Amino acid sequence: MKKFLSILVAAVLLVSTAPTAFAEEITPEEAKAQFIIELFNESQKDENFPGDVRGRWNVLEGFFADMFSEDPASYDEMIALWKGSVDDYSYITDTAAFDDGYDTRRKGRVGLQVHFGNERYEVINIEDNSPAMLAGVTVGTILLDFHGQAFSGDAYEDMAMVQKLYLETGRYEFRGQLPDGTIKEFSFEKADYDTETVSSKCVVTEDNPTVGYIKIPAFNANTGDKFAVAWKSAEDQGVRSVIIDLRDNPGGYDTTTLQMLNTIIGQKLPLFYYKKNDGAVLYNSDGTSSKTFNPDIVILTNGESASASEVFTSVLRYHGFARSVGTKTFGKGIGQTVTKFNGKVFTVTAFEIFLPDGTTYNLEGIAPDVEITDNPETEADEVLDFAYTYADNAGTVIKQPSALRYTINLEEKNQKFPLTFFAQAKRLSIDAGLPVYITFKAGDGTKVTVDAVKVFGQAEDEYSFEDMLK
Amino acid sequence: MKKIISVLLAMALSLSLSVTLSAEEITKEQAKAYAHEILELYDVSSVNENFDEYGRGNWYALEDYLTDAIYKDPNVYADWYEIWKQSTDENSRLNSTTYLEETYEGAKKGKFGITFTVKDGEIYVPNAVYMSPAEEAGIVNGSVLISYEGIEVPSPATEQDFNAMSTVMSEEETLEITLRLPNGELKDYSIPRGDFDEDAITDKLDITGDTGYIIVPSFNAGTDERFIETYKKAEEAGLKNIIIDLRNNLGGFTDTCYNMLNAVIPEKLPTFFYTSSTAISITTSDGLGSKDWRPDIVILVNDETASAAEQFAGVLQYYGYARLVGEQTYGKAIGQNNITLSNGKILSVTALEGYLPDGSTWQNKGLTPDKVLKDDLTTEADEVLDYAYSYVDGEGTTVEQPDSYSYTYYLGTDTEREALATFAYIRQMRGMGLDMPVRFTYVSSNGMAMTVDADKAYDAAQIYYYFGILGDQSASAEKILKGAWLDEDARVIMTAWTGDFGFTPTLSVAAAKEPKYFYYYDSVAETLTPFEPAYTYTDGRLRFNIDKGGIIIVSPDELSYEPTV
């Protein structure tokens with residue numbers, strides 16, 4: 001911690017230390033660079049101070065502008081410097097691409113993604129309901145030509161050729177080699193479609209009249225509303241078990257995840273929390289959904305069920321609403337914040353996700369209750385078939401607890417939590433009408449449980465483990 | 001405001017945008033856009049700088065880059081510093097590691113005790129420091145430096161000349177200078193270095209009849225104790241008048257100022273408040289000053305009375321405890337935070353703005369004395385002090401004890417937000433004995449106001465609040481609705497906060513007729529929902545309590561509204 005002192009003094013006394021004197025001092029360049037950064041970082045704290053202007057990074061705008069004007073490559077260097085300092089989940093994209101990714105209503109697209117590698121041009125992704133899928137293209141299909149034109153072998157040239165012809169014609173026409181080795185002619189046009197109509201359907205088969213099946217391919221902006229429709233339809237159809245298929249679901253919005261959990265959970269329960277650099281953010285269910293529909297839930301997962309899928313699965317399992325079958329999940333227990341700016345989107349890793357008891361599946365994934373692997377040689381979906389037999393129609397009844405309880409494992413014993421963390425916990429408590437108890441656990445096993453509302457009432461700027469032991 | 005949303009996703013979406021620039025020339029504007037983007041990028045990323053496990057973007061990533069740049073061209077360092085400097089006010093600066101001790105200790109070792117400033121092209125001596133070798137040598141305040149160590153001061157003198165002079169003087173053991181005195185006479189001085197304590201002057205109580213005279217040259221650490229002791233001596237002597245000399249007092253620590261005000265003010269009163277980027281912090285008098293001894297206080301000020309000195313004088317003048325005699329003061333109501341950097345250097349950054357309880361400020365204006373009077377430097381007499389002796393009347397002041405600490409804050413924008421921290425500080429002060437309600441009145445650009453109780457706002461535990469009343473939007477909504485269906489005497493109030501407050505702030509609006517009907521207006525559903533708040537109507541102003549923000553209509557007549565389909 002730095003020491004802050006407040007003073008009010010007007011002008012220089014006696015002989016002031018002129019800042020220019022420092023510029024002439026001979027110190028190691030590294031110390032100076034460090035110092036500049038610190039200077040700017042510290043000054044940034046005052047950027048919202050109304051009235052007088054003060055130091056902040058934005059003043060470097062002109063400096064960078066000149067630099068990029070003189071040497072355009074320096075922009076790449078700066079980006080690379082940033083990129084080098086973040087994890088793989090932090091990246092820059094443009095607004096349109098970002099919106100495309102999280103809105104399932106596609107307009108005028110063919111719905112496939114081709115990777116132009118060094119040796120082959122392979123389809124790596126196909127969107128549900130897209131013209132590409134309807135035409136029978138599968139992931140792993142290799143493009144052999146395009147609109148009858150042979151490829152040159154130069155990935156960049158070939159990519160440009162594909163883009164050009166597609167823009168001119170709006171069509172994909174190519175010979176493709178399917179994963180099983182057969183070669184087939186494909187031809188399809190771009191169209192409007194919704195990748196996610198499946199999310200709003202609850203399928204009930206004649207063989208299993210008491211079991212509904214809902215597939216969730218992603219947690220997109222509109223998935224929450226669609227799932228609510230599917231869930232209502234499951235209740236209306238009188239099913240007693242629901243299979244939720246999260247296989248190959250890479251995740252998506254956390255707000256969607258929360259909305260879906262609230263659709264299912266009829267009690268006020270602690271769901272999960274995000275650990276951030278300045279504390280944590282707690283989440284609970286609002287307890288507003290139907291308390292009369294409590295089916296047995298079986299979730300299907302595989303190694304590509306990631307992120308939001310894992311939050312959804314782990315929370316339902318944690319409280320005993322669901323069991324999962326399939327294979328171990330991906331293991332991404334971290335999240336990113338997204339900032340839209342100037343036509344681009346910065347996505348930066350900003351929080352870790354924990355279950356209410358302080359556990360995480362990050363890097364490890366969630367092991368299913370029953371491990372079942374799909375046999376790719378057979379037409380049958382062994383995992384789904386098993387799920388139908390596994391669903392027991394017994395339903396789940398979860399009691400409303402008397403408090404919302406969270407356990408936070410401290411990274412270090414003197415880790416500090418700001419007052420705003422407890423303020424947020426108090427809001428949660430007011431809204432839920434339940435006390436919020438938080439257990440802080442140190443690495444050596446010592447722990448302390450506090451009533452968040454009471455801690456808030458004491459109004460310190462921040463609290464550490466030691467403070468709370470008192 | 002930027003919109004920040006959270007996502008949970010495993011892989012980067014389809015195509016991550018390529019960020020390479022083509023090698024060809026880009027325009028200045030493009031470069032500027034890229035620069036802005038970079039800054040935004042780093043700003044956003046630095047939010048996460050302590051999140052260690054997953055290394056992430058922050059400004060420190062530039063360290064190697066800057067190291068190289070400065071290695072290749074050391075001027076880059078100066079450039080960056082200069083860029084920073086240009087973005088701050090003149091009170092923000094970088095100081096040496098010993099800056100704090102040198103500046104805020106009255107006790108000086110091996111100094112001359114003379115102050116110089118550049119003014120109107122001359123190097124000017126505002127004053128000799130009390131108790132110093134310079135004072136002993138008989139330096140006359142207001143003299144102009146003609147030469148030092150045989151070096152003539154160029155005319156007009158510049159900042160560079162001042163710096164050159166500082167460098168030479170810093171190496172001398174005895175200062176040989178020639179000054180032009182205010183009466184035009186040239187005089188040579190020889191001033192040795194010496195150890196002295198300027199604040200020791202405050203220990204002295206100069207008694208003339210019923211009047212005591214106390215000089216306070218600074219608000220250093222320790223000045224408060226000295227002042228309080230001397231002030232007590234005056235009480236014990238049963239004096240009827242006190243003259244406090246704050247001329248040439250440039251200010252100092254805020255704590256010193258609070259303690260001195262507490263010694264003088266017998267009542268519990270709001271004294272002033274500060275705003276920073278994060279919160280409003282208030283100060284109050286503790287009501288422990290002597291209630292039985294109320295001397296008439298006259299404070300001497302001049303254009304070098306600044307900052308903490310202005311605060312002291314300003315608060316006492318505001319409540320009528322003191323009258324000021326002398327010149328318009330300097331006009332600095334802003335404060336700096338001193339931050340020690342890891343290399344030991346001390347960064348002073350402007351971080352606070354000070355206001356009197358009614359929201360007024362002396363920033364850039366100074367305080368206007370009750371009797372404006374300038375010392376004639378060409379005479380030996382101290383006309384200002386002499387006048388003060390004739391001005392004192394032996395009549396002390398009693399201020400009625402209010403039942404709350406109330407502060408008025410004029411919002412910079414109608415949507416300025418107030419952070420939880422403001423109310424948390426007050427809750428903390430409760431633990432330290434603050435025992436009256438604290439109320440803040442936030443005034444919007446249109447003169448409408450909202451008054452909140454700090455404890456209730458704290459208990460509602462919002463991370464932040466909007467207490468503003470949207471000026472332009474209220475006015476235009478009023479105009480539109482009056483044209484359509486609203487009564488001519490009705491008023492429309494749009495608050496910047498649209499949800500539940502969790503407590504009941506008081507709104508205050510001008511209204512020509514007493515309104516008796518109150519409605520929330522939902523502009524989407526086009527519905528009027530009546531409510532019956534407690535209200536008062538005095539002097540054409542309506543005050544009433546609300547528990548949630550939104551569009552509020554007040555009217556002297558009952559309103560009914562049929563949506564126009």
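Only a predicted model underlies this, so the values are computations on that prediction, with no experimental measurement involved.

Draft legend 1. The overall build of chain A, seen in detail. Counting secondary structure elements, chain A contains 14 helices and 27 strands. Taking all 470 residues of chain A together, the buried fraction comes to 53%. Restricting the contact set of chain A to residue pairs at least 6 apart, pairs at least 24 apart contribute 67%. A total of about 20400 Å² of accessible surface is found on chain A, and carbon and sulfur atoms cover 51% of it.

Draft legend 2. Spatial organisation of the overall build of chain B. When helices and strands are counted, chain B shows 13 helices and 33 strands. In chain B, which comprises 565 residues, the share counted as buried stands at 54%. Counting only contacts in chain B whose residues sit at least 6 apart along the sequence, the fraction spanning at least 24 positions is 70%. For chain B, the exposed area adds up to about 24700 Å²; of that, 49% sits on carbon and sulfur atoms.

Draft legend 3. Highlighting the sheet that holds strand β29 (residues 517–522) of chain B. All names here are of chain B. Strand order in the open sheet made by the 4 strands is β27-β33-β29-β30, with antiparallel pairing throughout. Pairing within the sheet leaves two strands with one partner each, and these edge strands are β27 (491–494) and β30 (527–531). Here the average twist between neighbouring strands, direction ignored, is 30°. Relative to strand β33 (residues 551–555), β27 is paired through 4 bridges, and the arrangement is antiparallel. The partner of valine 492 across the bridge, within β33, is isoleucine 553.

Draft legend 4. Expanded view of unusual backbone geometry. With an omega of -5°, the peptide bond between Ser155(B) and Pro156(B) qualifies as cis. Locating Pro156(B) in the fold gives a position in the loop between β7 (151–152) and α6 (159–171). Here the phi dihedral of Asn393(A) falls at roughly 60°; this positive angle occurs in a residue that is not glycine. Position of Asn393(A) relative to the elements: it lies in the loop between α11 (382–390) and β23 (404–409).

Draft legend 5. Region of interest: the side chain of Lys332(A). On the secondary structure map, Lys332(A) appears in the loop between β19 (322–326) and β20 (334–341). Nearest to the buried, unbridged Lys332(A) among oppositely charged side chains is Glu310(A), at 7.4 Å.

Draft legend 6. Molecular detail of the nonpolar core. Core analysis: the biggest nonpolar cluster contains 90 residues, and Phe422(A), Ile438(A), Phe440(A), Phe423(B), Phe440(B) and Phe544(B) have the highest contact counts within it. Those residues in contact with Ile438(A), other than ones at most four positions away along the chain, are Leu282(A), Tyr406(A), Ile408(A), Phe421(A), Ala425(A), Val448(A), Thr449(A), Val450(A) and Ala452(A). Counting 39 residues, the second-largest nonpolar core is a separate cluster that includes Val239(A), Ile244(A), Tyr274(A) and Tyr361(A).

Draft legend 7. Up close: the pattern of salt bridges. Residue and element names in this part refer to chain A. One pass over the full model with this rule turns up 35 salt bridges over all chains. Across the salt bridge formed by arginine 109 and glutamate 127, the nearest N and O atoms sit 3.5 Å from each other. On the criterion of sequence distance, the pair formed by arginine 109 in strand β3 (residues 105–109) and glutamate 127 in the loop between β5 (121–126) and α6 (131–134) is long-range, its members being 18 residues apart. The exposure class assigned to arginine 109 is partly exposed, which follows from its relative accessible area of 23%.

Draft legend 8. A look at the side chain of Ser143(B). All names here are of chain B. Turning to its location among the elements, serine 143 is positioned in strand β6 (residues 143–148). Residue serine 143 is classed as buried on the basis of its relative accessible area, which comes to 0%. Within the structure, the side chain of serine 143 is placed 2.6 Å from the backbone oxygen of valine 140, a separation counted as a polar contact. Each residue touching serine 143, except ones within four places of it in the same chain, is listed here: Ile123, Tyr124, Val125, Leu179, Arg180, Leu181 and Pro182.

Draft legend 9. Representation of the packing of helix α9 (residues 254–264) of chain A against helix α10 (residues 308–318) of chain A in the model. Residue and element names in this part refer to chain A. It is the contact of α9 with α10, at a shortest axis distance of 10 Å, that shows an interaxial angle of 25°. Accordingly, the angle class assigned to the pair α9 and α10 is roughly parallel. For the pair α9 and α10, the sense of crossing is right-handed. Counting all contacts with α9, which are made through Thr257, Met260, Leu261 and Ile264, the residues of α10 involved are Ala308, Val311, Phe312, Val315 and Leu316. Looking at the contact of α9 with α10 residue by residue, the class counts come to 8 nonpolar, 1 polar and no charged.

Draft legend 10. Geometry of the pairing of strand β28 (residues 506–510) of chain B. Residues and elements named next belong to chain B. Looking at chain direction, strand β25 (residues 449–453) and β28 are connected through 3 bridges and run antiparallel. Bridging across to β28, alanine 449 finds its partner in serine 508. One ladder, built from 5 bridges, connects β28 with strand β32 (residues 541–545); its direction is antiparallel. Residue pairing in the sheet places alanine 510 in a bridge with arginine 541 of β32.

Draft legend 11. Spotlight on the sheet that holds strand β21 (residues 371–372) of chain B. Spatial ordering of the open sheet is given by β11-β12-β13-β17-β18-β21 (chain B), a layout of 6 strands whose pairing is mixed. Because the sheet does not close on itself, it has two edges, and the strands there are β11 (206–208) and β21 of chain B.

Draft legend 12. Broad picture of the packing of aromatic side chains. Counted under the stated rule, the structure contains 55 aromatic pairs over all chains. Positioned over the ring face of Tyr390(A) is Arg323(A), at 3.9 Å from the centre of the ring. It is Arg323(B) that lies over the ring of Tyr391(B); its NZ or CZ is 4.0 Å from the centre.

Draft legend 13. Quick peek at the confidence of the model for chain A. All names here are of chain A. Taken residue by residue, chain A gives an average pLDDT of 83. The fraction at 70 or more is 86%. Within the model, the stretch residues 1–27 combines pLDDT values under 50 with 77 contacts to residues more than four positions away or in other chains. Across residues 47–53, confidence stays below pLDDT 50; counting only partners more than four residues off in sequence or on other chains, it has 21 contacts.

Draft legend 14. The packing of helix α7 (residues 223–236) of chain B against helix α8 (residues 254–264) of chain B, seen in detail. Residues and elements named next belong to chain B. Viewed as axis vectors pointing N to C, α7 and α8 meet at an angle of 15°, and their least axial separation amounts to 8 Å. Looking at the two axes, α7 sits roughly parallel to α8. Handedness of the α7/α8 crossing: right-handed. Only Asp255, Thr256, Asn259, Met260, Ala263 and Val264 of α8 make contact with α7, whose side of the interface consists of Thr223, Asp224, Phe227, Ile228 and Tyr231. A per-class count over the contact of α7 with α8 returns 6 nonpolar, 3 polar and 2 charged.

The rules we used
Residues numbered from 1 in each chain as written. Chains lettered and ligands numbered in written order. Predicted model: local features only at pLDDT ≥ 70, side-chain atom pairs only at ≥ 80, totals over all residues. Heavy atoms only, no water. Helix = DSSP H or I, 4+ residues; strand = E, 2+ residues; numbered from the N terminus. Buried < 20%, exposed > 50% of the residue type's maximum accessible area, 1.4 Å probe, protein only. Contact = heavy atoms within 4.5 Å. Areas by Shrake-Rupley, 256 points an atom, 1.4 Å probe, with all protein chains shown as cover. Pairing = 2+ DSSP bridges. Axes fitted to C-alpha atoms, helices over the stretch in contact; angles between N-to-C directions. Lys, Arg positive; Asp, Glu negative; His and termini not counted. Salt bridge = Lys/Arg side-chain N within 4 Å of Asp/Glu carboxyl O. Core = buried A, V, L, I, M, F, W, Y, C linked by side-chain atoms within 4.5 Å. Polar contact = N/O pair within 3.5 Å; in protein donor to acceptor, adjacent residues only side chain to side chain. Parallel < 35°, antiparallel > 145°, perpendicular 65-115°, else oblique. Left-handed = near helix turned anticlockwise from the far one by under 90°. Nonpolar A, V, L, I, M, F, W, Y, C, P; charged D, E, K, R; others polar. Phe/Tyr/Trp six-rings, centres within 6.5 Å; stacked < 30°, edge-to-face > 60°. Lys NZ or Arg CZ within 6 Å of the ring centre and 35° of its normal. pLDDT = per-residue confidence, 0-100.

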